[in-house]
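# Examination of the molecular architecture
Letter by letter, the chains look like this.
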Amino acid sequence: MVHPGRITHNNVGTEKDGPIVYWMSRDQRSSDNWALIHSIELANQKSTYVLVVFCLDLSYPSVISRSLNFMIEGLKEVEKNLVSKKIPFILLQGDPTHQLPPFLAHHNASTLVTDFDPLRIKRQWKESISRQVTIPVITVDAHNIVPCQVASTKQEFGAYTIRPKINKLLADYIQDFPEIEEQKAPEESITKPINWPEIPNINNCIPSITWIKPGEHAANIALRYFIEHKLEGYATKRNLPELEWTSNLSPYFHFGQIAPHRVALEIIKANATAVDKDAFLEEMIVRRELSDNYCFYNPNYDTVEGLPAWAKTTLDLHRSDEREHLYTLDAFEHAHTHDKLWNAAQKEMVHTGKMHGYLRMYWAKKILEWTVSPEEAFSIAIFLNDKYSLDGRDPNGYTGIAWAIGGLHDRAWFERPVYGKIRYMNSNGAQRKFNVEEYISKNSF
DNA sequence: ATCGGCTCGCGCAA
DNA sequence: TGCGCGAAGCCGAT
């Protein structure tokens, strides 16, 4: 049974006689999905069936072909897997707030179930739809192991304040997933295969990506590969960007093609030292869930406005400091700065759709250093990350940028020009920590 | 190579 | 009210 703590009732509604509709949004997978599992539970209770719907909005902010292809290829697999379980899967196209209410009415839907997402647009969609319908609307947190609103009821100050709260509840929530059994949807509800839209290649200057395959199956292969080859030694080697000793699971997490919950279960079972497992689980659970906490409880998660007071004050005091270098968005985007390491990080992102964690910090902090204002730095960093990273438009990205540029979840440090008391980083630090030359040559596209 | 200082504020102990 | 310590560092002294 799905833990009741995962479930939030968005409105008081009256059930109708039709199917339970699961509006799949953030968690785009057929297995290990608490929102789908709960939908099936509800359907069984009411002797009806589950209908899964995905709403594809091609006008979604900063949609690009790179991310869209990754998502749609994953959804094609979801379609195949759901249909094999006799669960109908339907694709709607357009703004969900316009598409879903008539769809629910047409099917005489009993209840609308959806997955949890802390981002603004998703919450606006859900609120608008809840206002338009009279049936119950239910949110299931299928993305976090300890549900966001259970882990904490407020914005947390740092990893150290949320960590004990999550750890205390982890044992309650980290249960095994049930297998999904074949369902008994009426024959006519299993419609003909979806005619997936061709994605217009509007950004054909963006290199396509071949090193990572989309979808649930590929995600599980990537997980197996990580456990077998890179978990041992992860605690130290993850910090050496030239080794590429990372899990590469982030795009799958972003599109919900694998559940962090599943990954945690497999890592715990894996044969590796506690130090390595703990290092990975700390990142995947505590820091990832801290990102959801920030975006959920701070409506200004993607601007300077959301930053802690001390950080805004110190950035303000240094507004008119002289900048040694100033670059436009165009110069950043084309990796035309004086700094080879920065350019390499930018090229890594443009050409591969990812950037190593250490360099994400360095990259964002230098944008702060080389732009006229923290506001501009924030918007450039978010724009580039959302455009090029396969895991862009994710709470992790917004929170990471707020950490680097705005001291979020961090402490004040020695005061210096432009940064004020925001933690400073420079390439000397990188030189001390890893093989900078090798990283640069690996990313000299 | 290693250590302490830099600096702010939360959360807990007292 | 005091105190320990924190999402990833830097720098200079030893």
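In this report, we go over the structure that sits alongside the text. Being a predicted model, the structure only gives us computed values, none of them experimental.

### Some points on the protein's contact with DNA strand B
Around DNA strand B sit Lys154, Phe157, Tyr160, Thr161, Trp310, Arg411, Ala412, Trp413, Phe414 and Lys421, and that is every residue in its neighbourhood. The protein-proximal atoms of DNA strand B, defined as those within 4 Å of the protein, are 73% sugar or phosphate. Within the side chain of Lys154, an N or O atom sits 3.0 Å from a phosphate oxygen of DNA strand B. Lys421 is positioned such that a nitrogen or oxygen atom in its side chain is 2.4 Å from a phosphate oxygen of DNA strand B. A breakdown of the residues in the surface near DNA strand B according to their chemical character gives six nonpolar, one polar and three charged.

### Here we look at the protein's contact with DNA strand C
In the vicinity of DNA strand C there are 20 residues, among which Ala159, Tyr160, Trp413, Arg423 and Lys433 approach most closely. Of all atoms in DNA strand C that approach within 4 Å of the protein, 53% are sugar or phosphate atoms. In this structure, Ala159 approaches DNA strand C through a main-chain N or O atom, which is 2.8 Å from a phosphate oxygen. Arg432 is positioned with one of its side-chain polar atoms (N or O) 3.0 Å from a phosphate oxygen of DNA strand C. Where the surface near DNA strand C is concerned, the elements lending two or more residues are helix H6 (159-173), helix H17 (395-406) and helix H18 (427-433). With four residues, the single largest contributor to the surface near DNA strand C is H18. Residues of the surface near DNA strand C, tallied by class, amount to seven nonpolar, six polar and seven charged.

### Some words on the sheet that holds strand E6 (residues 137-140)
Taken in spatial order, the six strands make up an open sheet running E1-E6-E5-E2-E3-E4, and their pairing is mixed. Each edge of the open sheet is held by one strand with a lone partner, namely strand E1 (7-9) and strand E4 (89-93). With strand direction ignored, the average angle separating the axes of adjacent strands in the sheet is 25 degrees. Bridge count between strand E2 (residues 20-24) and strand E5 (residues 111-115): four bridges; the pairing is parallel. Among the inter-strand pairings, Val21 is bridged to a residue of E5, identified as Leu112.

### Focus: empty space enclosed by the protein
Summed over the entire model, instances satisfying the criterion amount to four cavities of 30 Å³ or more. Quantified by volume, the second largest cavity comes out at close to 50 Å³. Lining the second largest cavity, in full, are Trp23, Ser25, Thr114, Asp115, Asp117, Lys122, Arg123 and Lys126. Breaking the lining of the second largest cavity down by element, the ones donating at least two residues are E5 and helix H4 (120-132). Residue contributions to the lining of the second largest cavity peak at three residues, all from H4. Residues that form the lining of the second largest cavity fall into these classes: one nonpolar, two polar and five charged.

### Remarks on the pairing of E6
Here E6 shows a buried face lined by Val137 and Thr139 and a second buried face lined by Ile138 and Val140. Pairing of E5 with E6, which is carried by four bridges, proceeds in the parallel orientation. Opposite Asp115, over in E6, you have Val140 as the bridge partner. The parallel pair E5 and E6 is bridged by H4, and the resulting crossover is right-handed.

### Overview of the pattern of salt bridges
Counted according to the given criterion, the structure contains 24 salt bridges. Note that Asp410 and Arg423 form a salt bridge whose closest N and O atoms lie 2.7 Å from each other. With a gap of 13 residues between them, Asp410 in the loop between H17 and H18 and Arg423 in the loop between H17 and H18 connect regions that are remote in the sequence. We classify Asp410 as buried; its relative accessible area is 11%. What emerges from the salt-bridge pattern is a single network uniting Asp32, Arg224, Glu228, Arg262, Glu266 and Lys269.

Each value, and the rule that gives it
- Residues numbered from 1 in each chain as written.
- Chains lettered and ligands numbered in written order.
- Predicted model: local features only at pLDDT ≥ 70, side-chain atom pairs only at ≥ 80, totals over all residues.
- Heavy atoms only, no water.
- Near = heavy atom within 4 Å.
- Polar contact = N/O pair within 3.5 Å; in protein donor to acceptor, adjacent residues only side chain to side chain.
- Nonpolar A, V, L, I, M, F, W, Y, C, P; charged D, E, K, R; others polar.
- Helix = DSSP H or I, 4+ residues; strand = E, 2+ residues; numbered from the N terminus.
- Pairing = 2+ DSSP bridges.
- Axes fitted to C-alpha atoms, helices over the stretch in contact; angles between N-to-C directions.
- 1 Å grid on protein atoms, 1.4 Å probe; cavity = no way out; pocket = protein on both sides within 12 Å on 5 of 7 lines; lining within 4 Å.
- Points joined across faces, edges and corners; volume = space filled by probe spheres on them.
- Buried < 20%, exposed > 50% of the residue type's maximum accessible area, 1.4 Å probe, protein only.
- Right-handed = clockwise from strand over helix to strand, strands pointing away.
- Salt bridge = Lys/Arg side-chain N within 4 Å of Asp/Glu carboxyl O.

The values reported here are purely geometric and, on their own, carry no functional implication.
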